[in-house]
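Coordinates in review
Here is what each chain is made of, one letter per residue.
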Amino acid sequence: MTTCCPAPTPRKPTDASRRYLWVGGTVAALILWLAVYQILQPLAAWAVARLPVAPDSHLAEALAFFLYDTPKVLMLLTLVVFAMGVVRSFFSAENTRRLLSGKREGVGNVAAASLGIVTPFCSCSAVPLFIGFVSAGVPLGVTFSFLIAAPMINEVALGLLFGLVGWQVAVTYLAFGLGVAIIAGFVIGRFHLDGWLQPWVREVRMGNVDLPDRRLTVPDRLRAGLDAVTDIVGKVWLWVIAGIAVGALIHGYAPAALLASIMGKDAWWSVPAAVVVGIPMYSNAAGIIPIIEALIGKGAALGTVLAFMMAVIALSLPEMIILRKVLTVKLIAVFVGVVGLGILTVGYLFNFLFVA
Amino acid sequence: MKDIKVLGSGCKTCQLTAELLKSEAERLGVPVTIEKITDYAAIAGYGIAATPGVVVDGKVVHAGGLPKAADVDGWLSA
C-alpha cells in the first residue's frame, strides 16, 4: 500500500469540472434559498389557518410566530454561517499573529478587533493563542482587542440578529461590538499591565513555524463554507428551536406591561442589572437571541437586552477559568471591569439611538 | 516509524485529532507513535497559535481545527 516515494500530485484533469460543479451548485442553492425564503410567510399563515385553533387567540399567535420564525431563522443562519466559513478560509491564527506583531497600539487595536471577527477561533485555543500573540510581540492591549472581539462578534449572533430583529440592529451590534473591543483593548493597553501576566508566560520562547503553504482553490473555500454549516448549524439548531419556542410563549402569553416596566427604557437601572446578571451566565447566542426578540416585541428596551446578550457571550466564567492559566486574577478583574463598562455604555447608547 | 505529536489542551477536537491519526495510520498500515503534548509552554515552543496542532517527525504540518482525513493520509504517506 505505501509507496516509497511521494508521487507528485499532478493537476487532475477533473479540476475544471469540479470547479464548475461547486460554483454552479452554490449559485443554484442560493437561488433556491431565495425562492423558499419568499414564500415562508404565506406558507406559515396557511399552515396556522389549517390548524384547529381559534384565529387571533394566544395559541394561534404563538404558533404563527413559531412556524414562521423557525425556518426563517435557520435559513438566515445557514446563509451567514456559510458566508463566514468561506471568508474564514482566507485567515488563520498564525497569519493574524504575523499581521499584528509589532503593530502599534491604536491601529493595532482596530486591526486586532477586525481580525478577531474573521479569524477562525475556538475558545479552547484561547490560551495558546494568547501566549502566541504576546510572545510574538503583539502588545497586550492589542491581544485583548482580539480576544474580546472574537467570541462577541460571531456569525451565529449576527445571523440571528439579522433574521429576528432586522439588519439595522445586526449592523449596529457589529459596530458597537467592534467599538467595545477596540476601546477596551486600548484602555487595558494604556494601563501597562504586562507585569500582571503569570510569570511563566513572559519566559515562553516562541518557536518559529513554517506551515506548509496551502493553495486553496475556489471549491476548497466553498467546501469550507459548507463544512462550517454542517458543523455550526448542526450544533446549534436545537438551541435555536428551543429558544424560538420560549420566545413564542413570551410572544403569545407574557403580559407586555409587566415586561416593559422591568426592561423598558424608563427603568434606568435595568442596563447595569442586565450586565451584572449576564456576566456569570454562559450560553451561546443561538439560544438567547430568539428570546431577546420576543422580549423586544413586548416592550423591553433594545439596549438593555443587547447589553445582556453581550455580557453573556463576551464575558463568561469558563473562559476566565481558562485564562486564569496565563493571567493573574488582578488582570482578569481589570479585563472584566473594562469590558463590562464598555457593554454598559453600549446598552445606554442603544436605548438612546433606537427609540422603540 | 513516524513520530507524531498532537499539540493541544486536551479539548474535544484535540482528542478527535489524535483518534483520527491513529485510525488512519492503522488503515494505511503505517507504524506510528502518537504523543499528546498538553503543556502550554511546550506548545508555544512549536510556534503555533491555534490548537490542535500536529507535528510529524519534528515538523509542524497542521494548526487549528480538526484536520481532514485526506490531509492526514498525505502526512502519513509522505
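Residues numbered from 1 in each chain as written. Chains lettered and ligands numbered in written order. Predicted model: local features only at pLDDT ≥ 70, side-chain atom pairs only at ≥ 80, totals over all residues.

1. Brief notes about the overall build of chain A
A count of helical and extended segments in chain A gives 17 helices and 0 strands. Taking 2.2 N^0.38 as the reference for a compact globule, 356 residues should give roughly 21 Å; the C-alpha atoms of chain A span a radius of gyration of 23 Å, in line with that estimate. Taken along its principal axes, the extent of the C-alpha atoms in chain A is 70 × 60 × 35 Å. The buried share among the 356 residues of chain A stands at 43%. A fraction of 88% describes how many contacts in chain A between residues 6 or more apart in sequence connect residues 24 or more apart. (Helix = DSSP H or I, 4+ residues; strand = E, 2+ residues; numbered from the N terminus. Rg over C-alpha atoms; globule rule 2.2 N^0.38 Å. Buried ≥ 20, exposed ≤ 12 C-beta atoms within 10 Å, placed from the backbone. Contact = placed C-beta atoms within 7 Å.)

2. Here we look at the interface of chain A and chain B
On the side of chain B, 24 residues touch chain A, which itself brings 29 residues to the contact. Contributions of two or more residues to the side of chain A that touches chain B are made by helix H4 (93-100) and helix H6 (126-135) of chain A.

3. A look at the sheet that holds strand E1 (residues 2-7) of chain B
Residue and element names in this part refer to chain B. Pairing in this open sheet of 4 strands is mixed, and the strands run E2-E1-E3-E4 from one edge to the other. Across the chains shown, the open sheet's two edge strands, defined by having one partner strand only, are strand E2 (32-37) and strand E4 (59-63). Within this sheet the neighbouring strands show an average axis-to-axis angle of 20°, counted without direction. The pairing of E1 with E2 spans 6 bridges and is parallel. Within E2, the residue paired with lysine 5 across the bridge is glutamate 35. (Pairing = 2+ DSSP bridges. Axes fitted to C-alpha atoms, helices over the stretch in contact; angles between N-to-C directions.)

4. A word on the nonpolar core
Residue and element names in this part refer to chain A. Counting 124 residues, the largest nonpolar core has Ala307 and Ala311 as the members making the most contacts within it. For this core, the element with the most residues is helix H3 (residues 58-88), which contributes 14 residues. If sequence neighbours within four positions are ignored, alanine 311 has contacts with Ala274, Val275, Gly278, Ile279 and Ile343. (Core = buried A, V, L, I, M, F, W, Y, C linked by C-beta atoms within 7 Å.)

5. Quick look at the pairing of strand E3 (residues 53-56) of chain B
Side-chain positions along a regular strand alternate between the two faces of the sheet. All names here are of chain B. In this sheet, E3 lies alongside E1 in antiparallel orientation, the contact comprising 4 bridges. Counterpart to isoleucine 4 in the pairing with E3 is valine 56. Note: E3 against E4, 4 bridges, orientation antiparallel. Paired with valine 54 across the strands is histidine 62, a residue of E4. Adjacent in sequence and paired antiparallel, E3 and E4 are bridged by 2 residues, among which aspartate 57 carries a positive phi angle near 50°.

6. Description of unusual backbone geometry
Omega for the peptide link from B:Thr51 to B:Pro52 comes to -5°, which places this bond in the cis form. With respect to the helices and strands, B:Pro52 occurs in the loop between helix H2 (40-45) and E3. The phi angle at A:His192 is positive, at roughly 50°, despite the residue not being glycine. Looking at the element boundaries, A:His192 is found in the loop between helix H9 (167-190) and helix H10 (199-203). At B:Asp57, a position not held by glycine, the phi torsion is positive, near 50°. As for its position among the elements, B:Asp57 is in the loop between E3 and E4.

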